[in-house]
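# Coordinates in review
Here is how the chains run, residue by residue.
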Amino acid sequence: MNTIVWADDEIDLLKPYIIYLSNKGYEIIPAMSGQDAIDACKQHMVDIVFLDEQMPGLSGIETLQILKQEHPELPVVMITKSEEEQIMEQAIGQQIADYLIKPVNPSQILLCLKKHVHSKQIVEEHTNANYRQEFSDITYMINTARTFDEFAAIERTLTQWELKLQDANSSMSELLSMQRKEANAAFAKFIRQNYEQWFEHPESRPMISTEVFRKTVFPLLDQGKKVFVVVIDNFRYSQWKIIQPLLAEFFSVKEEQLYSAILPTATQYARNAIFAGLMPLQIKQQFPEYWVEEGDEDTKNKFERELVGTMIHRFRRHDEYTYYKINESDFCEKINRQLKSLTTPLNIAVINFIDMLSHSRTDSKMMRELAPDEAAYHSLTLSWFRHSPILEFFRQVAILGYEVILTTDHGTIRVADPVQIIADKNTNTNLRYKVGKSLSFQNRNIFEITKPEKVGLPAPNLSSTYAFCTGTDFFGYPNNFNYYAQYYRDTFQHGGISMEEMIIPLVHLLPK
């Protein structure tokens, strides 16, 4: 039973309301004054307070101030005869839940209760019902998907429901996770059957990493637009949907599309492919000074600025451009101060926070506690974006009138299932893909590319092959397998084949 404290010095006149609400299953605690309401809230577990604005002794506003100090989360509804704007503003300033003008009718009171006491329950029930209705439609989409665009539609739908069910704290989230697993299994089969064909018949493939600038950035520059390309590392579609409302203050979305990251879905490959407009094998062959091998200790993406220059030159363009790599807040604040004088038509910013969040969550016990699941990971993303100087960065870019191409190099997935692989000591350390000689494994879900050159990948040795985890699998070596399986389970990784890693956002934003 929900408990209501109703404070009004003419409480006897409210008996019809009290009887009406009692019949609806509510317990009503009447209070003749503001002090009585304060005392009642100390003595009882109260769900909501109805508070008359004009009472002898403590006024409604004074009572509201005390209640909010002692019970900050308690919803208080002000009920008054006065329509003075000043009183409304005072009440709103004290974070009142609602404001009703006398005379009120029972349906108004009931609506307040639905909105402020039962809203979470109502939202969860409606969300669950709507998801149950759409469950079979999603299953049909998964079972019949045969093209990248159809899998992209599934990714949009699953992400939409993931975020809705998380907001509603729904018990249906586990069922949706099962559908996500089925979708990833179907997507892995699709990639296994089609990925090599994408390079034999590029006219029939979806947009991939190498085509971002050619298909989206250069056409805008040719129209005389000022463009800012923002690449947020390790940024999956769901995270874009989470920050989209924050950017809506400064930008409108002209177009949102999903394209495919190349394999491996890792910075060294996918992001370098974006900035060079070339596949990794082509980068290594044409610009060996800008390619860093898997075993080298150098940063794998240290030549991004130079690769952009080679791409502009290759397309016989003469675009002037700036390039920023934002790894920390202090540097972002410095850039924000410099933006006011920016006139360059093409500007590029790489933002590494999400990648750092993912890695720190793997390495830090505290970060694992802060983000134990998908919902918490999304919440951390939103909190970072809202409070970091990155939001101010976007505001400044909008003020300057730049159109923004917002994208990423790859997404990330929460891994759960370790699989054994045997490899030599020179094999790379990534948990989602391996490249090396004599890779040995038994798991049938692993996708192996035995001729890397066919898909534009370099081979460190003549006999090198690539092996990719699918779904939520991750690689472990036989030595200390159980220890590392436990250590990396439920961490966010990238490099392999999943919709979260490969189907990634590309958004065209217009300044408001």
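Structural data are supplied above this passage.
All of the points below concern the structure found in this document. Numbers given for residues are sequential positions, taken from 1 along each chain in its written order. Totals for whole chains, interfaces and linings use all residues, but because this is a predicted model, local features are given only for residues with pLDDT of at least 70 and pairs of side-chain atoms are given and counted only at 80 or more. Side-chain measures here rest on the full set of heavy atoms in the structure, leaving out hydrogens and waters.

## What to know about the overall build of the protein chain
- Secondary structure counts use DSSP, requiring at least four H or I residues in a row for a helix and at least two E residues in a row for a strand, with both numbered from the N terminus. Helix and strand counts for the protein chain come out as 20 helices and 18 strands.
- With the C-alpha coordinates of the protein chain rotated into their principal frame, the extents come out at 90 × 55 × 40 Å.
- Across the 512 residues that make up the protein chain, the buried fraction comes to 53%.
- Whether two residues touch is decided by their heavy atoms; if any such pair falls within 4.5 Å, the residues are in contact. In the protein chain, 74% of the contacts between residues at least 6 apart in sequence involve partners at least 24 apart.
- All accessible areas in this document rest on Shrake-Rupley with a 1.4 Å probe, and a residue is counted as covered only by the protein chains that are shown. When the accessible surface of the protein chain is summed, it comes to about 24,000 Å², and 48% of that surface belongs to carbon and sulfur atoms.
- Neither His nor the chain ends is counted toward charge; the positive residues are Lys and Arg and the negative residues Asp and Glu. Where a charge sits is defined by one atom per residue type, namely NZ (Lys), CZ (Arg), CG (Asp) or CD (Glu). Side chains of the protein chain carry 52 positive and 67 negative charges; the gap between the two charge centres is 7 Å. Residue burial is assigned from relative accessible area. The probe radius is 1.4 Å, only protein chains are included, and a residue is buried under 20% of its type maximum, exposed over 50%, and partly exposed in between.

## What about the sheet that holds strand β1 (residues 3-7)?
- We treat two strands as partners when DSSP finds at least two bridges between them. Reading across the sheet, the five strands line up as β2-β1-β3-β4-β5 and stay open at both edges, with parallel pairing between neighbours. Taken across any chain shown, the strands that pair with only one partner, and hence form the sheet edges, are β2 (27-31) and β5 (98-101). Recorded for the sheet is a direction-independent mean angle of 20° between the axes of neighbouring strands.
- Strand direction decides the pairing type here: strand β4 (residues 76-80) and β5, joined by four bridges, are parallel. Of the residues in β5, the one forming a bridge with Thr80 is Ile101.
- Angular values range over 0 to 180 degrees, each being the angle between N-to-C directions of two axes fitted as lines to C-alpha atoms, with helices fitted over their stretch in contact. The strands that helix α3 (residues 60-70) touches are β3 (48-52) and β4; relative to β4, the one it contacts most, it runs at about 180°.

## Observations concerning the pattern of salt bridges
- Within this document, salt bridges are pairs made up of a side-chain nitrogen of Lys or Arg and a carboxyl oxygen of Asp or Glu, the two lying within 4 Å of each other. On inspection of all chains with the given rule, the structure shows 24 salt bridges.
- When the shortest N-O distance is used, the salt bridge between Glu392 and Arg395 registers 2.9 Å. Pair noted here: Glu392 and Arg395 are both in helix α18 (residues 389-399), with a separation of three residues, about one helical turn.
- By relative accessible area, which is 28% here, Glu392 ends up partly exposed.
- Of the residues examined, Arg395 reaches a relative accessible area of 31% and is grouped as partly exposed.
- When salt bridges that share partners are traced, they join Asp233, Arg271, Glu304, Lys325 and Asp409 into one network.

## Observations concerning the packing of aromatic side chains
- Note on aromatic pairs: the rings of Phe, Tyr and Trp (six-membered ring only in Trp) are paired at centre separations within 6.5 Å, and the planes decide the class, stacked below 30 degrees, edge-to-face beyond 60, tilted for the rest. A full pass over the atoms with the stated rule returns 35 aromatic pairs.
- Centre to centre, the rings of Phe151 and Phe190 are 5.2 Å apart; their planes meet at 40°, and the pair counts as tilted. Residue Phe151 is located in helix α7 (residues 148-167), and its partner Phe190 is located in helix α8 (residues 173-200); the two are separated by 39 residues in the primary sequence. Across this residue pair, the class does not change: Phe151 and Phe190 are buried.
- Measuring from ring centre to ring centre gives 6.2 Å for Tyr466 and Phe468, while their planes differ by 10°; the resulting arrangement is stacked.
- Classification of Phe468 as buried rests on a relative accessible area of 0%.
- Aromatic rings pair up to connect Phe228, Phe251, Tyr324, Trp384, Phe385, Phe393, Phe394 and Tyr402 into one cluster.
- Remark: a charge is flagged as sitting over a ring if the NZ atom of Lys or the CZ atom of Arg is within 6 Å of the ring centre and within 35 degrees of the ring normal. The residue whose ring lies beneath Lys164 is Trp161, and the NZ or CZ to ring-centre distance is 4.8 Å.
- Cation over ring: Lys226 sits above Tyr402, and NZ or CZ is 4.6 Å from the ring centre.

## Quick notes on the sheet that holds strand β6 (residues 227-232)
- Judged by pairing direction, the sheet is mixed, and its six strands sit side by side in the order β7-β18-β10-β6-β9-β8 without closing on themselves. Sheet topology places β7 (251-260) and β8 (321-326) at the edges, where each strand pairs with a single neighbour. Neighbour-to-neighbour, the strand axes of this sheet turn through a mean angle of 15°, independent of strand direction.
- As judged from the five bridges shared by β6 and strand β10 (residues 403-407), these two strands associate in the parallel manner. Bridging from a neighbouring strand, Val229 pairs with Ile405 of β10.
- Set on the sheet, α7 makes contact with β7 and β18 (503-511); between it and β7 the angle comes to about 125°.
- The strands touched by helix α9 (residues 212-222) are β6, β7, β9 (346-351), β10 and β18; relative to β6, the strand with the most contacts, the crossing angle is about 155°.

## Points about the packing of helix α11 (residues 267-276) against helix α13 (residues 304-314)
- Following both chains from N to C, one finds α11 and α13 inclined at 40°, their axes separated by 7 Å at the closest point. Between α11 and α13, the interaxial angle falls into the category oblique. Across from Arg271, Asn272, Ile274, Phe275 and Ala276 in α11, the residues of α13 making contact are Glu304, Leu307, Val308, Met311 and Arg314. Under this scheme an angle from 65 to 115 degrees is roughly perpendicular, one under 35 degrees roughly parallel, and one over 145 degrees roughly antiparallel; angles in between are oblique.

## With respect to the pairing of β4
- Within β4, five of the five residues are buried, which leaves it mostly tucked inside the rest of the structure.
- Residues Val76, Met78 and Thr80 point to one face of β4 and Val77 and Ile79 to the other, with burial holding for every one of them.
- The sheet contact formed by β3 and β4 spans four bridges and is parallel. Paired with Asp52 across the two strands is Ile79, which belongs to β4.
- Here the term right-handed applies to a crossover when the path leading from its first strand over the helix to its second strand runs clockwise, the strands being oriented away from the viewer. For the handedness criterion, the β-α-β arrangement of β3, α3 and β4 is classed as right-handed.

## Details of unusual backbone geometry
- Pro103 follows Lys102 through a cis peptide bond whose omega is 0°.
- Looking at the secondary structure, you find Pro103 in the loop between β5 and α5 (106-116).
- Leu263 connects to Pro264 through a cis peptide bond whose omega is -10°.
- Turning to its location among the elements, Pro264 is positioned in the loop between β7 and α11.
- Residue Asn234 is not a glycine yet carries a positive backbone phi of 65°.
- Relative to the helices and strands, Asn234 is located in the loop between β6 and α10 (237-247).
- On the basis of relative accessible area, Asn234 is assigned to the buried category, the value being 0%.
- The residue Arg316 is not glycine, and still its phi comes out positive at about 55°.
- Within the secondary structure layout, Arg316 lies in the loop between α13 and β8.

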